[in-house]
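# Results of the structural survey
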Amino acid sequence: MIHMMMELQLGLALPSIATTHHVRGFEFDLNNSYVYEPKDSDPSSWNINSYFGSSASVPGKCSTTNSSNGNKKRSCDDAFDYEQVRAVPPRTLPLFNWNSRYPDDEDDPRDLDNNSSFGSNKTVDDEDGVHVVGWPPIKNWRKKLCHQQHHIPGGRVKNNQAVVANNGSACGGRQSNSMYVKVKMEGVAIARKIDLTLYDSFETLTNTLIGMFGLWLEDSYDYQLTYQDREGDWLIAKDVPWSFEQEYSWTLVMLALQNFHSNSATPQFVQERRLIH
Amino acid sequence: MSYSSLPEDVLEHVFSFVQSDKDRNVISLVCKSWYEIERWCRRRIFVGNCYAVSPRMAIRRFPEVRSVELKGKPHFADFNLVPEGWGGYVYPWIRAMAGGYPWLEELKLKRMVVTDESLELIAKSLKNFKVLVLSSCEGFSTHGLAAIAADCKNLKELDLWESDVEDPSGNWLSKFPDTCTSLVSLNIACLGSEVSFSALERLVVRCPNLRTLRLNRAVPLEKLAHLLRQAPQLVELGTGTYSADLRPDIFSNLAGAFSGCKELKSLSGFWDVVPAYLPAVYSVCSGLTTLNLSYATIQSPDLIKLVSQCPKLQCLWVLDYIEDSGLEALAATCKDLRELRVFPSEPFGDEPNVSLTEQGLVLVSEGCPKLESVLYFCRRMSNDALVTIAKNRPSMIRFRLCIIDPQTPDYLTLEPLDVGFGAIVQHCKDLRRLSLSGLLTDRVFEYIGTYAKKLEMLSVAFAGESDLGLHHVLSGCDSLRKLEIMDCPFGDKALLANAAKLETMRSLWMSSCSVSFEACKLLGQKMPRLNVEVIDESGPPDSRPELPVKKLYIYRTVTGRRIDMPGFVWNVGEDSALRLS
């Protein structure tokens, strides 16, 4: 049934030199189609022209000679039965709505694998994060460089603020991969400096800090790692996944071992500018 | 005396003034004798789709060609939508041309798979070979380049624009013989690893006609000054890495070298740029017409300082670090600007990291009366802004807007951006290329079909509501040659109803749309001069005919189905009876 409908609607007029030609809309039907027979003895002569040249001019080019748009629209509506076309409501991502086009195909167990998402572009989870393949439209070449630049401290830029890394990071032409931040502990006057890239988890970082400040490990449960982000808010370090930490660690202004039992809302020490080596 | 009785050589002489392919094609259709004369004196051919015609056919028709330009993969291959191994192999062409065009001088390839074997064949067989441009190509290594360097005695141009080159150890640059002094243009910017600096320097020194030199990142900044002093005649320069220890002697050396380059018009490179070294180029800024800072991670203030000194700038490629404020400065200074491309520094972030909005583009459209080509990545847009841009710049020819989040509406009204893009196509009557983004309904396609009569290439993603959208474009855009669509609810109806239109176009790409396998088959069967190729890496598409095809690539051809299709590409038509050659 569907095939017949398709056949009727197939617009088959082939471009022709000999006859004036209209490419119509949907009312064009199979019975009027014909196969083009070139008159020239070399059947491909004028056709090939179309392939040699940046904008090939095909004689008798296919354009509707219905000059008024009203005509086109009417013919379109007639054959198309516009009302029946279901408008797909606006959506956020195209992963979810197109099942409505194939109402008979529900809950097919074969749909469980990757092939099943109707019309949806594959999403990938790679170093760029989770995103749709092919979007945004950026060449590989440029993406590669995007990544390389990010691993240079200071490859990230804050709006119009002089970034320390401008002068610091690229010195020597070598990419500096260390991320030094100042750490202060509540109640201790002297701050320490650590390289964040040396640690792979909160546990190791915290334990090292505990040791650095000469605490007993048993006491460590009383202390909590907090950091100040670029907006100046103090956040608990554990709430954020470690890789995020690594990626965005330049926003860390200060790590603070804060005594749980302390009543102060924010650590009481002077805010220091972050220090990146 | 009628024109048809003019002697052949007179006609040939007249034709030699006609360079454009389009005009040449028209000439060849006037009569048989003009066809014959023209085909013997055509020197340059451009094949926009390497599978549209066979190399043998091309050589048979145009026996005396000196310059060939070929394109392979569809444009969306740039964004990883075309799987590895899809095709676009140049070797069959080179093999044919080795015999058929022994005097070939120029070969320009885009998005093709080139092998070392191909390059070696060129070097061996084409004695007068002069120009090799490999743009976004892959599949070859520096071994192949070594062959070109060693054997092409008259090489003038070697350009590896954004190609993917394997680099096994080896010193290919030193394979240029000492007798090679003909180089005019060398672009190795895409090479990942080091080249021998001494070989490079010797090459530069002995090629007095060298006008274009684009270095790769591995060339240190400290050595740039030295090179520049050996080639003060350079017109186009791509630096290597643009960072070094902050030392006054390096700086003054560099600044001095730049000031000696009086002809410099184009600058690029600037990887790892240290802003402190930027002023070294200030002396050439007043003459610059092209500036590619799209790899330079410097911020707005530094960019403003640089751009404000380039009043003759015609083409600027830059990262969105330039921000609206930088674009305002650009609009104030660069009144000759024709082309602007703003690339995203963090395309995969969720939040904007810079203050670049639609305002920047509006300002440039107001301030730069010659602006005709735009590629703009941003995170928000409004219909008002688009209407303003359209009215400001009716001479726009290329307008590619990428709002990074798919289906982002007008940020002021939350409406679709149909009206905005509609204004673009309505006011910019000479628009040839358009890329859409943001929230768009079928309406925008109605505008496009109605107004965009000169549009040749359209790129669409996450847009439209029904087949009507696609129908508007296929039935209305008279000049359409390339249409590429991803993730749109376009299906069978519009495609089948406009089947004939597809033969007037170079190609159509549709991925993640709603086209059924049955429709593809029907199209392939009824249209012998189209190749209807379904790309599906998970298995034969007819094993699951109830699902829409994942990727569809349709292109016109006179050679029938191609013979180099990999296992995941299916040509879904019967064999064409019209097979030629």
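Nothing here was measured: the structure is a model prediction, and the numbers come from that model.

## Notes on the overall build of chain A
Helix and strand counts for chain A come out as seven helices and seven strands. The order of helices and strands in chain A, counted from the N terminus, is α-α-α-β-β-α-α-β-β-α-β-β-α-β. Looking at chain A as a whole, 44% of its 277 residues qualify as buried. Expressed as a percentage of contacts within chain A between residues at least 6 apart in sequence, the contacts between residues at least 24 apart total 46%. Per element, the accessible surface of chain A, about 15,800 Å² overall, is 52% carbon and sulfur.

## Some words on the pattern of salt bridges
Residue and element names in this part refer to chain B. Evaluated as defined, the whole model comprises 25 salt bridges over all chains. A salt bridge links aspartate 536 to lysine 550; its shortest N-O distance comes to 3.7 Å. With aspartate 536 in the loop between strand 21 (530-535) and strand 22 (551-556) and lysine 550 in the loop between strand 21 and strand 22, this residue pair connects regions lying 14 residues apart in the sequence. By relative accessible area, which is 10% here, aspartate 536 ends up buried. Residue lysine 550 is classed as partly exposed on the basis of its relative accessible area of 27%. Salt bridges sharing partners connect three or more residues here, namely Arg24, Glu38 and Arg42.

## Points about the environment of B:Ser325
Residue and element names in this part refer to chain B. On the secondary structure map, serine 325 appears in helix 13 (residues 323-333). With relative accessibility at 32%, the residue serine 325 sits in the partly exposed group. Not counting residues up to four positions away in its chain, the partners in contact with serine 325 are Ser300 and Ile304.

## Here's the deal with the nonpolar core
When a protein is soluble and globular, its nonpolar side chains tend to lie buried together. Residues and elements named next belong to chain B. Trp172, Leu200, Tyr242, Phe258, Leu316, Phe399 and Ile448 are the most contacted members of the largest nonpolar core, which totals 211 residues. Not counting residues up to four positions away in its chain, the partners in contact with isoleucine 448 are Val425, Leu434, Leu436, Leu455, Leu458, Val473 and Cys477. Core analysis: the next-biggest nonpolar cluster, separate from the first, contains six residues, Ile27, Trp34, Ile37 and Cys41 among them.

## With respect to the packing of aromatic side chains
Residues and elements named next belong to chain B. Inspection of the entire model under this criterion finds 18 aromatic pairs over all chains. Relative to phenylalanine 421, the ring of phenylalanine 399 lies with its centre 6.5 Å away and its plane at 65°, an arrangement referred to as edge-to-face. Of this pair, phenylalanine 399 sits in strand 16 (residues 398-403) while phenylalanine 421 sits in helix 16 (residues 418-427), and the two are 22 residues apart along the sequence. A connected cluster of aromatic rings, assembled from ring pairs, spans Tyr51, Phe76, Phe79, Trp86, Trp509, Tyr553 and Tyr555. Over the ring of tyrosine 411 we find arginine 380, and its NZ or CZ is 4.1 Å from the ring centre.

## Considering helix 6 (residues 116-125) of chain B
Residues and elements named next belong to chain B. Judged by how many residues are buried, helix 6 sits mostly within the fold: seven of 10 residues are covered. Those residues of helix 6 that sit buried are Asp116, Ser118, Leu119, Leu121, Ile122, Ala123 and Ser125. Looking at the buried side of helix 6, the elements it contacts are helix 5 (91-100), strand 3 (106-110), strand 4 (131-135), strand 5 (138-141) and helix 7 (142-151).

## Here we look at the side chain of B:Lys551
Residues and elements named next belong to chain B. By secondary structure assignment, the location of lysine 551 is in strand 22. Buried lysine 551, no salt bridge; nearest opposite-charge side chain is glutamate 537, N-O distance 4.5 Å. The residues touching lysine 551, leaving out its near neighbours within four places in the chain, are Leu81, Pro83, Trp509, Met510, Ser511, Glu533, Val534 and Ile535.

## Topic: the pairing of strand 21 of chain B
Residue and element names in this part refer to chain B. Among the six residues of strand 21, six are classified as buried, and the element is accordingly described as predominantly covered. Burial along strand 21 is two-sided: Leu530, Val532 and Val534 and Asn531, Glu533 and Ile535, pointing in opposite directions, are all buried. Here strand 21 runs beside strand 22; their pairing, made up of six bridges, is antiparallel. Bridge pairing in strand 22 links valine 534 to leucine 552. Alignment of strand 21 against strand 23 (residues 569-571), held across three bridges, turns out to be antiparallel.

## Considering helix 8 (residues 197-206) of chain B
Along helix 8 of chain B, the positions that sit buried rather than exposed are B:Phe197, B:Ala199, B:Leu200, B:Leu203, B:Val204 and B:Arg206. Looking at the buried side of helix 8 of chain B, the elements it contacts are strand 8 (185-187), strand 9 (212-214) and helix 9 (221-230) of chain B.

## Quick look at a nonpolar patch on the surface
Residues and elements named next belong to chain B. Taken together, Leu6, Val10 and Val14 make up a surface patch of nonpolar side chains, about 200 Å² in accessible area. Here leucine 6 lies in the segment before helix 1 (8-15). The class of leucine 6 is partly exposed, set by a relative accessible area of 30%.

## Quick notes on the environment of B:Leu11
Checked against the element boundaries, B:Leu11 lands in helix 1. Filtering out sequence-adjacent residues up to four positions away, B:Leu11 remains in contact with B:Leu6, B:Trp34 and B:Ile37.

## Structural notes on unusual backbone geometry
In this chain, A:Trp135 is followed by A:Pro136 through a cis amide linkage whose omega measures -10°. A positive phi angle, near 60°, is found at B:Phe270, a position not held by glycine. As for its position among the elements, B:Phe270 is in the loop between strand 11 (266-268) and helix 11 (282-285). Despite not being glycine, B:Glu323 shows a phi value in the positive range, around 60°. Here B:Glu323 shows up in helix 13. B:Glu323 gets classed as buried once you look at its relative accessible area, which sits at 4%.

## Things to note about the packing of helix 9 of chain B against helix 10 (residues 248-259) of chain B
Residues and elements named next belong to chain B. Orientation of helix 9 relative to helix 10, taken along the N-to-C sense of each, is 30°, at an axis distance of 8 Å. When the axis of helix 9 is compared with that of helix 10, the two are roughly parallel. Considering only the axes of helix 9 and helix 10, their crossing is left-handed. Contacts from Leu221, Glu222, Leu224, Ala225, Leu228 and Arg229 in helix 9 reach Ile250, Asn253, Leu254, Gly256, Ala257 and Phe258 in helix 10. Split into classes, the residues belonging to the contact of helix 9 with helix 10 amount to eight nonpolar, two polar and two charged.

## Considering the packing of helix 12 (residues 300-307) of chain B against helix 13 of chain B
Residues and elements named next belong to chain B. It is the contact of helix 12 with helix 13, at a shortest axis distance of 9 Å, that shows an interaxial angle of 5°. Judged by the inter-axis angle, helix 12 sits roughly parallel to helix 13. Along the contact surface, helix 12 presents Ser300, Ile304 and Val307, while helix 13 presents Glu323, Ser325, Gly326, Ala329, Leu330 and Thr333. Of the residues that constitute the contact of helix 12 with helix 13, the class distribution is four nonpolar, four polar and one charged.

## Details of the pairing of strand 1 (residues 44-47) of chain B
Residues and elements named next belong to chain B. Of the strand pairs in this sheet, strand 1 and strand 2 (residues 67-71) are connected by four bridges, and their pairing is parallel. Opposite phenylalanine 46, over in strand 2, you have glutamate 69 as the bridge partner. You can see the chain leave strand 1, run along helix 4 (residues 55-61) and come back into strand 2, and the turn it takes is right-handed.

## Describing the environment of B:Ala231
Residue and element names in this part refer to chain B. Examined against the element boundaries, alanine 231 turns out to sit in the loop between helix 9 and strand 10 (236-238). Accessibility expressed as a relative area gives 0% for alanine 231, which makes it buried. Considering only alpha carbons, one finds alanine 231 and leucine 213, 18 residues apart in sequence, at a separation of 9.4 Å. When neighbours within four sequence positions are excluded, alanine 231 is seen to be in contact with Val204 and Cys261.

## What about the state of the cysteines?
All names here are of chain B. Enumeration according to the criterion identifies zero disulfides over all chains in this entry. A disulfide-free cysteine, cysteine 41 has its sulfur positioned 13 Å from the sulfur of cysteine 31, the nearest such atom. Since its relative accessible area comes to 7%, cysteine 41 is described here as buried. In this structure cysteine 152 is not part of a disulfide, and its nearest cysteine sulfur, from cysteine 180, lies 9.4 Å away. Note on cysteine 152: relative accessible area 3%, which makes it buried.

About the criteria used
Residues numbered from 1 in each chain as written. Chains lettered and ligands numbered in written order. Predicted model: local features only at pLDDT ≥ 70, side-chain atom pairs only at ≥ 80, totals over all residues. Heavy atoms only, no water. Helix = DSSP H or I, 4+ residues; strand = E, 2+ residues; numbered from the N terminus. Buried < 20%, exposed > 50% of the residue type's maximum accessible area, 1.4 Å probe, protein only. Contact = heavy atoms within 4.5 Å. Areas by Shrake-Rupley, 256 points an atom, 1.4 Å probe, with all protein chains shown as cover. Salt bridge = Lys/Arg side-chain N within 4 Å of Asp/Glu carboxyl O. Core = buried A, V, L, I, M, F, W, Y, C linked by side-chain atoms within 4.5 Å. Phe/Tyr/Trp six-rings, centres within 6.5 Å; stacked < 30°, edge-to-face > 60°. Lys NZ or Arg CZ within 6 Å of the ring centre and 35° of its normal. Lys, Arg positive; Asp, Glu negative; His and termini not counted. Pairing = 2+ DSSP bridges. Patch = residues over 30% accessible without salt bridge, like charges linked within 9 Å, V, L, I, M, F, W, Y side chains within 5 Å. Axes fitted to C-alpha atoms, helices over the stretch in contact; angles between N-to-C directions. Parallel < 35°, antiparallel > 145°, perpendicular 65-115°, else oblique. Left-handed = near helix turned anticlockwise from the far one by under 90°. Nonpolar A, V, L, I, M, F, W, Y, C, P; charged D, E, K, R; others polar. Right-handed = clockwise from strand over helix to strand, strands pointing away. Disulfide = S-S within 2.5 Å.

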